[in-house]
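The primary structure of each chain is shown beneath.
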Amino acid sequence: MAEPLVRPRPLTREAAELRAGRPDLTAYVDRFCARVERVDPLIHAFVPESGRHGRLRAQAGELAARYPEPAGRPPLYGVVVGVKDVVHVDGLPTHAGSALPPGVLAGPQAVVVDRLRAAGALVGGKTVTAEFAASAPGPTRNPHHPGHTPGGSSSGSAAAVAAGLVPLAVGTQTVGSVIRPAAYCGVVGFRPTYGRIPVAGVVPNAPSLDTLGVFTADVAGAALAAGLLCDGWRTDPGPVPEPVLGVPDGPYLERAEPAALRAFEEQVARLAAAGLAVRRVPLFPDFAEIARQLRTVNRFELARGHADWFARFGGLYRPETAASIRVGQGVAAEDRAAALAARERLRERVAEATAAAGVDVWLAPSATGGAPEGLHSTGDTVMSLPWSYLGLPALSLPAGRTADGLPLGLQLVGAAGGDERLLAAAAVPAGLLARG
């Protein structure tokens with residue numbers, strides 16, 4: 001009988017069991033490596049690593065010697081995590097999904113990895129990314145339907161959690177690279193407020209937009225990880241009443257495919273029927289202009305970040321990335337500055353509309369539909385675009401399936417800096433959606 005490809009594992013339970021010594025770390029590492037050997041050739045979530053088993057056994061032994069008794073073990077003691085291959089990890093090369101010599105991209109270990117290791121986690125390996133976290137896909141397949149994309153650019157991280165290779169994986173999002181693959185792979189994806197997790201040690205895409213995020217099996221796991229990785233996390237956000245939910249009517253929402261929009265409206269109706277307040281609010285009437293502004297910033301910053309590498313190794317870049325860089329080379333600095341100024345005005349307008357409507361959490365589809373067939377594209381980022389541009393925290397919850405059985409996601413968006421309240425408020429919608 002074929003081993004199932006989809007088997008997500010709750011982080012909170014796994015972390016608690018490991019802290020209690022069930023199983024011991026050596027057995028846990030052995031099981032992880034055995035499943036990677038069996039399953040990863042089918043989905044290609046991890047960057048190949050010849051010495052993975054030996055490295056992890058040695059690191060598990062060091063960790064066990066440091067914490068011989070359960071008391072005092074850190075919260076992620078022994079948990080094996082996946083780290084997107086644009087994030088520097090000491091001892092593992094950074095390829096960033098590219099053909100550039102890894103020494104060219106080398107740098108000090110990322111702050112987010114320092115925090116994972118301080119919490120007791122073991123880095124199971126680098127997860128596959130689209131080239132330079134842009135749009136040229138890697139080889140990763142969707143565990144639900146291997147003929148379909150897992151999304152991107154955090155392809156491997158989403159697929160690794162969906163397949164149960166790891167209970168936690170780190171990704172990055174510039175526009176839609178956490179929320180979309182989480183939806184396509186049927187897991188939880190959390191993108192904090194811009195800047196809440198330091199990006200030091202991460203190969204940049206567009207620094208004005210780049211944000212680290214996490215993939216887990218459930219909201220509780222995302223909250224555990226966020227509390228360890230985000231700056232200034234408040235473990236008690238205070239009383240969190242049932243949130244008032246806002247639906248952003250207008251041209252943005254209309255960018256979802258008809259089937260996905262029908263599913264979204266069914267999800268909204270289910271939440272309203274359960275007693276949650278839902279308010280429909282016209283938002284983003286100038287959505288096409290917002291999208292243009294974001295792409296101006298993104299392309300300009302991508303081109304500037306790669307100026308040296310592209311000049312030396314341009315022939316090694318994939319066509320999609322090279323085309324984006326060339327577009328960015330033609331963007332004037334004053335156009336980027338104007339777009340960023342427009343973003344500040346947009347932030348004010350959205351904050352005013354949110355307060356006027358009394359909305360706590362915005363709702364939207366996590367993606368335009370289910371994962372597209374084929375591996376030539378990672379899908380459309382548009383449903384994440386305005387929230388990423390504004391730097392707001394967003395969460396994707398598994399929310400039903402398409403007629404073809406592909407997962408769908410419901411996106412919840414909170415206020416800037418309100419990450420703790422967003423995750424706390426998500427508990428009720430998550431429970432209702434899980435019951436079908």
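Let us look at the structure shown here. (Residues numbered from 1 in each chain as written. Predicted model: local features only at pLDDT ≥ 70, side-chain atom pairs only at ≥ 80, totals over all residues. Heavy atoms only, no water.)

**Re the environment of Ala182**
Here is step 1 of the chain: Its place among the elements puts Ala182 in helix 7 (residues 179-185).
Here is step 2 of the chain: Here Ala182 falls in the buried class, since its relative accessible area comes to 0%.
Here is step 3 of the chain: Contact partners of Ala182, with chain neighbours within four places excluded, come to Ala158, Val187, Val188, Gly189, Phe215 and Ser396. (Helix = DSSP H or I, 4+ residues; strand = E, 2+ residues; numbered from the N terminus. Buried < 20%, exposed > 50% of the residue type's maximum accessible area, 1.4 Å probe, protein only. Contact = heavy atoms within 4.5 Å.)

**A look at the environment of Ala367**
Here is step 1 of the chain: Within the secondary structure, Ala367 is located in the loop between strand 8 (361-365) and helix 14 (385-390).
Here is step 2 of the chain: As for Ala367 and Asp30, which are separated by 337 residues in sequence, their C-alpha atoms are 36 Å apart.
Here is step 3 of the chain: With sequence-adjacent residues up to four places away left out, Ala367 is seen in contact with Arg180, Tyr184 and Met383.

**As for unusual backbone geometry**
Here is step 1 of the chain: Geometrically, the link from Arg22 to Pro23 is a cis peptide bond, its omega value of 0° lying close to zero.
Here is step 2 of the chain: By the secondary structure assignment, Pro23 is in the loop between helix 1 (11-19) and helix 2 (25-43).
Here is step 3 of the chain: That bond from Gly152 to Ser153 is cis: its omega, 5°, falls within 30 degrees of zero.
Here is step 4 of the chain: We note that Phe132 has phi near 55°; this positive angle belongs to a residue other than glycine.
Here is step 5 of the chain: With respect to the helices and strands, the residue Phe132 is situated in the loop between strand 2 (122-127) and helix 6 (155-162).

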